[in-house]
Amino acid sequence: MTCPDDPFPDLPAGKEELFAAAAEYDRYRPGVPTEAAELLADTLRDLPDPTLLDLGTGTGQVPRVLLKALPSLAHIEAVDWSRPMLDQARAALTPVLGNCTLSLVQTSADVYAPLAPLPGEEWWTPDLITCCRAYHWMSGPDVLAMAHRIAAPEATLAIMGDGSLWTHEADWTRALRDLIQQYLGPGRRAGVLSDYPKPVRPFQEDLADSAWRDVTEHRFPLTRSWTPEGVLGYLRTTSFAGAGLFAERHAAFEDEARALLGKLAAGGSLLEDVVFTVLLARRPGGAR
């Protein structure tokens, strides 16, 4: 599984503008499929007080859908590089937490470490560690080593993703990509400083070389229906077509893209057939 998308955490210096528009990100980015949330919940159902560590949480999409699938979730630790994303996650999660507690940690996933417990308390150990549409921005081996150090003995780790409108192959996405390249050049951009860094190898290879080498792959096909305005909103949240890349030409680009998408929309809808993939990884024997 190689999931090139445009997530949020662990960005090089100078790229903090990429995902600052957290409210827009929350509005336009696709969520996590219910079937995937049920799969994650199934890894925790037999535990009395299950806990979640979500790396690259963004606006908290994974915790939100997991809380619906598993109301008994006892604690969430949400980690992200971006303060606006964490603020948006807090606003979205607080009304639906119930008895679940929430901690937000602003840091890069590969250097995350739980806070030392107070006297008389035990170290917090997550039962489920998730990373959705974010792993390729991270130092993967460091993240997997960190997860091995801190996770509960029988913990599960999940790496998830489904590509992006840049990678999706359909007539309308190809036409849209061509238009973006007319404005920004042939390469796929990753913010104002560089082109997109392709993952060096599939995520499975990282897992195979780590303690998390007991892996099962789960695929959830689905069809998304986009409106032209929804696509434009989504593009504004990405590293390959965010407003800052176009500078003073952004309004012209959006006008041209809106007209193009309006012509290509069948009955007002633009369809995206995708597969949301979940890699569930465990440590053989459940040992640390």
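The notes below deal with the structure included here. Because the structure is a prediction, the values reported are computed rather than measured.

Looking at unusual backbone geometry
Backbone geometry at Arg133 places phi at a positive 55 degrees, although glycine is not the residue there. Locating Arg133 in the fold gives a position in the loop between β4 (128–132) and α5 (140–150). Even without glycine at this site, Ala247 takes up a positive phi of about 55 degrees. Along the chain, the position of Ala247 falls in the loop between α9 (243–246) and α10 (250–264). A residue is classified by how much of its surface remains accessible, and Ala247, at 48% relative accessible area, is partly exposed.

Quick look at the packing of helix α8 (residues 228–236) against α10
At a minimum axis separation of 9 Å, α8 and α10 run at an interaxial angle of 145 degrees. As for how α8 packs across α10, the hand of that crossing is right-handed. Together, Pro228, Glu229, Val231, Leu232, Leu235 and Arg236 of α8 and His250, Phe253, Glu254, Ala257, Arg258, Leu261 and Gly262 of α10 make up the contact between the two elements. Among the residues making up the contact of α8 with α10, the classes are represented as 7 nonpolar, 2 polar and 4 charged.

As for the environment of Leu70
Positionally, Leu70 belongs in the loop between α3 (61–69) and β2 (75–80). Residues Leu70 and Ala37 lie 33 residues apart in sequence; the distance between their C-alpha atoms is 8.8 Å. The residues contacting Leu70, other than those within four sequence positions of it, are Ala41, Leu44, Arg45 and Pro50.

Side note on helix α4 (residues 83–93)
Of all the residues in α4, the buried ones are Met85, Leu86, Ala89, Ala92 and Leu93. Around the axis of α4, the buried residues are gathered within 125 degrees of arc, so they sit on the same side.

Calculation criteria
Residues numbered from 1 in each chain as written. Predicted model: local features only at pLDDT ≥ 70, side-chain atom pairs only at ≥ 80, totals over all residues. Heavy atoms only, no water. Helix = DSSP H or I, 4+ residues; strand = E, 2+ residues; numbered from the N terminus. Buried < 20%, exposed > 50% of the residue type's maximum accessible area, 1.4 Å probe, protein only. Axes fitted to C-alpha atoms, helices over the stretch in contact; angles between N-to-C directions. Left-handed = near helix turned anticlockwise from the far one by under 90°. Contact = heavy atoms within 4.5 Å. Nonpolar A, V, L, I, M, F, W, Y, C, P; charged D, E, K, R; others polar. Arc of directions from axis to C-beta.

Any link to function would need more than the numbers given here.
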